[in-house]
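Chain by chain, the residues:
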Amino acid sequence: MVSDIRAAIIPVTPFQQNCTLVWSESTKRGAVVDPGGDLDRIRAAIAQNGVTVEKILLTHGHIDHAGAATALKNELLVPIEGPHEADRFLLDHLAETARGYGLADALPVTPDRWLKEGDQVSVGDIVLDVLHCPGHSPGSVVFVAKDQWFALMGDVLFNGSVGRSDLPGGDGALLIRSIKDKVLPLGDDVAFICGHGPASTIGHERETNPFLQG
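Note that the coordinates shown come from a computational prediction; the quantities given were computed from them, not determined experimentally.

Caption draft 1: Representation of the overall build of the protein chain. Each helix and strand counted, the protein chain has seven helices and 13 strands in total. Its C-alpha atoms give the protein chain a radius of gyration of 16 Å, within 12% of the compact-globule value 17 Å for 214 residues. Across its three principal axes, the protein chain shows a C-alpha extent of roughly 45 × 40 × 30 Å. Put simply, the protein chain has 214 residues, and 53% of those count as buried. If you take every contact in the protein chain between residues at least 6 apart in sequence, the share linking residues at least 24 apart comes to 59%. Summing over all exposed atoms, the protein chain offers an accessible surface of approximately 9,000 Å²; the carbon and sulfur share of this is 53%.

So this is what it looks like as structure tokens:
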């Protein structure tokens, strides 16, 4: 089938985090995934692509992914869904975290819906399955459009690397287990956008990612 999903990557914050505008081409309805900051850039991408934003999705609670979520919610009057509630401690302290990094003011985030393994999120006529993949953070989730062979990976798996596990709540062994038990079984043809850097496919990472060998 021809994929109906479209995505625009919007690098935001000094961390160059891949905020992603994802939408259904047939309905032009979509979501902003991980609005970490630089709202002017996010607004411009929404306008340029003519998308009606229905919700904000968070893959996890780190400042570069969630720092502007509450401000964008207040502006667009849409709900925030995700991540898993295990990241509540990160979202509660975004303002202090932002000050510590010298970033623009951030507001704490209280999602309208916490997500857990097996949940589904709808964006226009796109259905995303939720995988809870702890390790980078306790509440990290991956969004998967199985029928479109597409995933939004957050900071779980990168092109050639994996998420760091030296931040509060991180666990390197748990992260690798999450990837091997939940992400790799999605299939080699699944393409994904990650939280930083270029996109990739499951198959490419299975074959070449040094963190997944052996």
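Caption draft 2: Focus on the environment of Ile179. Position of Ile179 relative to the elements: it lies in helix H6 (residues 172-183). Ile179 sits in the buried class, given a relative accessible area of 0%. Residues Ile179 and Cys133, spaced 46 residues apart in sequence, show a C-alpha to C-alpha distance of 7.2 Å. With residues near it in sequence (within four places) discarded, Ile179 still touches Val156, Leu157, Val162, Leu184, Pro185 and Leu212.

Caption draft 3: Layout of the pattern of salt bridges. Following the criterion strictly, the structure yields 13 salt bridges and no others. With a closest N to O distance of 2.7 Å, Glu75 and Arg43 form a salt bridge. Placement of Glu75 in helix H3 (residues 69-76) and of Arg43 in helix H1 (residues 39-49) is noted, with a sequence separation of 32 residues between them. Judged by relative accessible area, which is 37%, Glu75 ranks as partly exposed. Between Lys116 and Asp119 there is a salt bridge whose closest N-O contact spans 3.3 Å. Classification of Lys116 as exposed rests on a relative accessible area of 52%. The network of salt bridges with shared partners includes Lys55, Glu81 and Arg113.

Caption draft 4: Quick peek at the layout of surface pockets. Roughly 380 Å³ of internal volume is contained in the largest pocket. In terms of lining, the largest pocket is formed by 19 residues, of which the most central are His62, Asp64, Tyr101, Arg164 and Leu167. Going through the elements one at a time, helix H2 (63-66), helix H4 (88-92) and helix H5 (94-101) are the ones with two or more residues in the lining of the largest pocket. Here the lining of the largest pocket takes three residues from H5, the largest share from any one element. Class assignment for the residues of the lining of the largest pocket results in ten nonpolar, six polar and three charged. Volume-wise, the second largest pocket comes out at about 180 Å³. What lines the second largest pocket is a set of 13 residues, and nearest its centre among them are Thr13, Gly36, Gly37, Asp38 and Ala104. A breakdown of the residues in the lining of the second largest pocket according to their chemical character gives seven nonpolar, four polar and two charged.

Reading the values: the criteria
- Residues numbered from 1 in each chain as written.
- Predicted model: local features only at pLDDT ≥ 70, side-chain atom pairs only at ≥ 80, totals over all residues.
- Heavy atoms only, no water.
- Helix = DSSP H or I, 4+ residues; strand = E, 2+ residues; numbered from the N terminus.
- Rg over C-alpha atoms; globule rule 2.2 N^0.38 Å.
- Buried < 20%, exposed > 50% of the residue type's maximum accessible area, 1.4 Å probe, protein only.
- Contact = heavy atoms within 4.5 Å.
- Areas by Shrake-Rupley, 256 points an atom, 1.4 Å probe, with all protein chains shown as cover.
- Salt bridge = Lys/Arg side-chain N within 4 Å of Asp/Glu carboxyl O.
- 1 Å grid on protein atoms, 1.4 Å probe; cavity = no way out; pocket = protein on both sides within 12 Å on 5 of 7 lines; lining within 4 Å.
- Points joined across faces, edges and corners; volume = space filled by probe spheres on them.
- Nonpolar A, V, L, I, M, F, W, Y, C, P; charged D, E, K, R; others polar.

Such coordinate-based values are descriptive only and should not be taken to indicate function.
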